[in-house]
Amino acid sequence: MMKRNIKDCTLGELESFVLELGEKKFRAKQIFSWLSKGIYDFEEMRNIPKKFRDQLKDSAYIENIVCEKILFSKEDATRKYLFKLKDDHLIESVYMNYRYGNSICISSQVGCKMGCSFCASTIGGVKRNLSPSEMLEQVLKIQEDVKERISHVVVMGSGEPFENYDALLKFLEIIHSQEGLYLSYRNITVSTCGIIPKIIDFARKMPQVTLAISLHAPNNPIRNSIMAVNKKYPLDQLLQACNQYIELTNKRITFEYALIQGVNDCEEHAEELGKILKDMLCHVNLIPLNKVQENTFIGSERKKAERFQEILEKYRVNATIRRELGSDIEAACGQLRRTQIANEE
Ligand code: SAH
C-alpha cells in the first residue's frame, strides 16, 4: 500500500483519513497541529494513543525537506536557503526581516517554464511541481531556523504558482488553518505572470489573499519581447481580468514592474503605463532589475526610477521603488534558481 503524505492534507482531508483508519475525527486536529509544529516522528505526537501512532506509521509518512545551505546577507538580515527534496531536486527560499514582521518568499515549482527573458528561475525550464507539503516545509524549516514566527508569506520564488494551482490552494488553506500556522490570508501574497483564467478563479476562491501581477511593460510589443506568456494572455485581456478581480474582491492589485535599461524605463513608457492603470485600484512596485548573469539586461538607475515614479503619480497611480533585500547573496527578485546557489565554491 502507498503511504499517504499526510502533510499534503488540509484539515478536512486529514479528518476523512483518520475516519478511514477507524479513529475519531478529533484526532485529525491533534495530528495537524503536530505537523505544523514541525514534528517529523509519529512517536512524538504525545496525545495520540500508541496503537494509533503505530497505525499511522504503517499508513502514512511525514514530508521532510533538507536544508543544504544557508547564505547570510551582509547588508541586511536576509537569508537564502537551499533545500533538497526527496528526489534530490533543489529549490531556494528567502527569509526577510521587515519592520512589520518576518516574511518569507517560497518557491512553488522546481524551476519554471514561463520563459521570462530577464529571470534566472526559468533557465533550464521546469522539472516538476511542488506538493503542498513541500511548500509548507519551506515555511516550517525557515521558522525553525530563525526561531521566530513567520508572519508573512509571499509565493514569489521559483515557479509560476498558477501553473501549480491545486497544490497552491491546498497549501494556502493549510497555512491559514487555526490548528496550523494560522497565517492571515491578508499576510499572504501570490504573484503570477498573468495566467488569466486562474486570476478570476483565485478571486472567487481566495478573495483575501493579496495578488501581485508581474507586468513589466506598458504595451504588447514590449511585453511580448520579454514575457512569452503575453502571447497567450495579452496585456489588454490581462488588465480586463485584473479589473474583474478587483470587482470581485474589492482588493487592490499589486503590479510588479522591473525597470530595465532601454527596454521599458523611458518617460514615454511611464506615460503609457500611467494611462492604462490610471483608474484602477492598484499599486505599482518599481524594481530596478536585478542582475542575472545569463542575460545582458541591466537595471535602471535610481534617477530613472524616480522619474518613472513621478510620472505615474501624475496619473494618480500609486507607485513605490522597492528596497531590494539580499541582492548580495542573489536572493532578490528573479535571482532564485533551480540548480545551485550562484557565487558558491
Ligand atoms: N511566476 C510568478 C512568480 C515569480 S515572482 C511571477 O512571474 O509573478 C518573481 C518576481 O520577480 C516576478 O515579478 C518576476 O517578474 C520578477 N523578476 C524576475 N526576474 C527579475 C529580475 N532580474 N529583477 C527583478 N525582478 C525580477
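For every chain, the first residue of the written sequence is number 1, and numbering continues from 1 along that sequence. The predicted origin of the model limits local features to residues at a pLDDT of at least 70 and limits the giving and counting of side-chain atom pairs to 80 or more, whereas totals for whole chains, interfaces and linings rest on all residues. To get the side-chain values, take all heavy atoms of the structure and skip hydrogens and water.

Engineer: What is the right way to read the overall build of the protein from this model?
Structural biologist: Helix and strand labels come from DSSP, where a helix needs a run of H or I of at least four residues and a strand needs a run of E of at least two; each type is numbered from the N terminus. Within the protein one finds 11 helices and 14 strands. Taken over the C-alpha trace, the protein has a radius of gyration of 21 Å; the compact-globule value for 345 residues is 20 Å, and the two agree within 12%. Each of the three principal axes of the protein carries a C-alpha extent, and together these read 70 × 50 × 35 Å. The rule is simple: take the accessible area with a 1.4 Å probe, protein chains only, and divide by the maximum for that residue type; under 20% is buried, over 50% is exposed, in between is partly exposed. Residue burial in the protein is summarised as follows: out of 345 residues, 58% are buried. Whether two residues are in contact is decided by their heavy atoms: any pair within 4.5 Å suffices. The contacts in the protein between residues at least 6 apart in sequence include a share of 64% that link residues at least 24 apart. Only the protein chains shown count as covering a residue, and every accessible area follows the Shrake-Rupley method with a 1.4 Å probe. Accessible area for the protein stands at about 15,400 Å²; split by element, carbon and sulfur atoms hold 48% of it. Just so you know, the count uses Lys and Arg for positive and Asp and Glu for negative, and it drops His and the chain ends. We put the charge of a Lys on NZ, of an Arg on CZ, of an Asp on CG and of a Glu on CD. Taking the average location of the 49 positive side-chain charges in the protein and that of its 47 negative ones, the two points are 3 Å from each other. The atom set for the radius of gyration is the C-alpha atoms, and the globule formula is 2.2 Å times the number of residues raised to the power 0.38.

Engineer: Help me out: how do you make sense of the side chain of Thr10 in this one?
Structural biologist: Of note, Thr10 is situated in the loop between β1 (4-5) and α1 (11-20). Residue classification places Thr10 among the buried positions, given a relative accessible area of 7%. Beyond its immediate sequence surroundings of up to four residues, Thr10 is in contact with Phe32, Lys170, Glu173 and Ile174.

Engineer: Before we go on, may I ask you to explain the packing of aromatic side chains in this structure?
Structural biologist: The geometry of an aromatic ring pair is captured by two quantities: the separation of the ring centres and the angle between the planes. The rule is short: rings of Phe, Tyr and Trp, with Trp giving its six-membered ring, pair when the centres are within 6.5 Å, and they are stacked under 30 degrees, edge-to-face over 60, tilted in between. One pass over the full model with this rule turns up 6 aromatic pairs. An angle of 5 degrees between the planes, with centres 5.7 Å apart, marks the rings of Tyr81 and Phe83 as stacked. Per residue, the accessibility class of Tyr81 equals that of Phe83, and both read buried. Site record: aromatic cluster; members linked through ring pairs are Phe162, Tyr165 and Phe202. The ring centre of Trp34 lies 5.4 Å from the NZ or CZ of Lys37, which sits over that ring. Either the NZ atom of lysine or the CZ atom of arginine qualifies as a charge over a ring when it sits within 6 Å of the ring centre and within 35 degrees of the ring normal. Lying across the ring of Tyr165, Lys198 places its NZ or CZ 5.4 Å from the centre.

Engineer: When you look at the site of the ligand in this model, what are you seeing that I'm missing?
Structural biologist: Consider each residue's heavy atoms; a residue with any of them within 4 Å of a molecule or strand counts as near. Every one of the 18 residues lining the ligand counts as a neighbour, but Glu160, Ser191, Ser214, His216 and Asn290 are closest to it. One of the side-chain nitrogen or oxygen atoms of Glu160 is found 3.0 Å away from a nitrogen atom of the ligand. Each polar contact in these results corresponds to two N or O atoms within 3.5 Å; when the atoms are within protein, one needs to be able to donate a hydrogen and the other to accept it, and residues that are neighboring in sequence are counted only if both atoms are side-chain atoms. Ser191 places a polar side-chain atom, nitrogen or oxygen, 2.6 Å from an oxygen atom of the ligand. Protein contacts shield 96% of the accessible area of the ligand, which totals 530 Å² for the unbound molecule. All residues other than Ala, Val, Leu, Ile, Met, Phe, Trp, Tyr, Cys, Pro, Asp, Glu, Lys and Arg, Gly among them, are scored as polar; the first ten of these are nonpolar and the last four charged. Split by residue class, the shell around the ligand holds 8 nonpolar, 8 polar and 2 charged.

Engineer: Any chance you could explain helix α10 (residues 267-277) here in plain terms?
Structural biologist: Quick reminder: α-helices carry 3.6 residues per turn. Residues three or four places apart thus point the same way. Turning to α10, its buried residues are His269, Ala270, Leu273, Gly274 and Leu277. The buried residues of α10 occupy one face: seen down the axis, they fall within an arc of 140 degrees. In α10, the exposed positions that point more than 90 degrees away from the buried face belong to Glu268 and Lys275. The elements touched by buried residues of α10 are α7 (220-226), α9 (235-249), β12 (253-259), β13 (282-288) and α11 (302-314). To obtain the arc, one takes the directions from the helix axis to the C-beta atoms.

Engineer: Help me understand the nonpolar core in this model?
Structural biologist: General note: in soluble globular proteins, nonpolar side chains tend to be found buried as a group. The biggest cluster of nonpolar side chains holds 106 residues, and the ones touching the most others in it are Ile31, Phe171, Leu172, Phe202, Phe255 and Leu277. For this core, the leading source of residues is helix α5 (residues 165-176), giving 8 residues. With near-sequence residues (within four places) excluded, Ile31 lies in contact with Ile6, Leu14, Val18, Met45, Ile48, Phe52 and Leu56. We call a set of buried Ala, Val, Leu, Ile, Met, Phe, Trp, Tyr and Cys residues a nonpolar core when their side-chain atoms join them within 4.5 Å. Leu71, Val94, Met96 and Val154 belong to the second largest nonpolar core, which has 9 residues in total.

Engineer: Looking at this structure, I do not really get unusual backbone geometry. What am I missing?
Structural biologist: Glycine aside, negative phi is the norm for most residues, and most peptide bonds take the trans geometry. Although it is not a glycine, Asn250 adopts a positive phi angle of roughly 60 degrees. With respect to the secondary-structure elements, Asn250 resides in the loop between α9 and β12. Within the chain, Arg316 stands out as a residue other than glycine whose phi angle is a positive 60 degrees. Among the residues examined, Arg316 registers a relative accessible area of 76% and is labelled exposed.

Engineer: What is the right way to read the domain arrangement of the protein from this model?
Structural biologist: Domain extents, as shown, originate in an automatic or database domain assignment. Under the domain assignment used here, the protein contains domain 1 (4-61) and domain 2 (66-344). Taking the mean C-alpha position of each, domain 1 and domain 2 sit 33 Å from one another. Listed by partner, the interface residues are 15 residues for domain 1 and 15 residues for domain 2. It is Lys7, Asp8 and Ser36 in domain 1 that bury the most area against domain 2; as a group they hold 38% of the surface buried on that side. Across the contact surface, domain 1 and domain 2 share 6 residue pairs in polar contact (both at pLDDT 80 or more). Of all the secondary structure elements, the ones that give two or more residues to the side of domain 1 that touches domain 2 are α1 and α2 (26-36). If one sorts the elements of the side of domain 1 that touches domain 2 by residue count, α2 sits on top with 5 residues. Residue composition of the side of domain 1 that touches domain 2, by class: 6 nonpolar, 5 polar and 4 charged. Buried area adds together the accessible area that both of two parts lose upon being put together, with accessible area traced by a 1.4 Å probe.

Engineer: Got a minute to help me understand the side chain of Arg53 in this structure?
Structural biologist: In this structure, Arg53 sits in helix α3 (residues 50-59). Of the residues examined, Arg53 reaches a relative accessible area of 13% and is grouped as buried. The contacts of Arg53, once residues within four sequence positions are left out, are Phe42, Glu43, Met45, Arg46 and Ile48.

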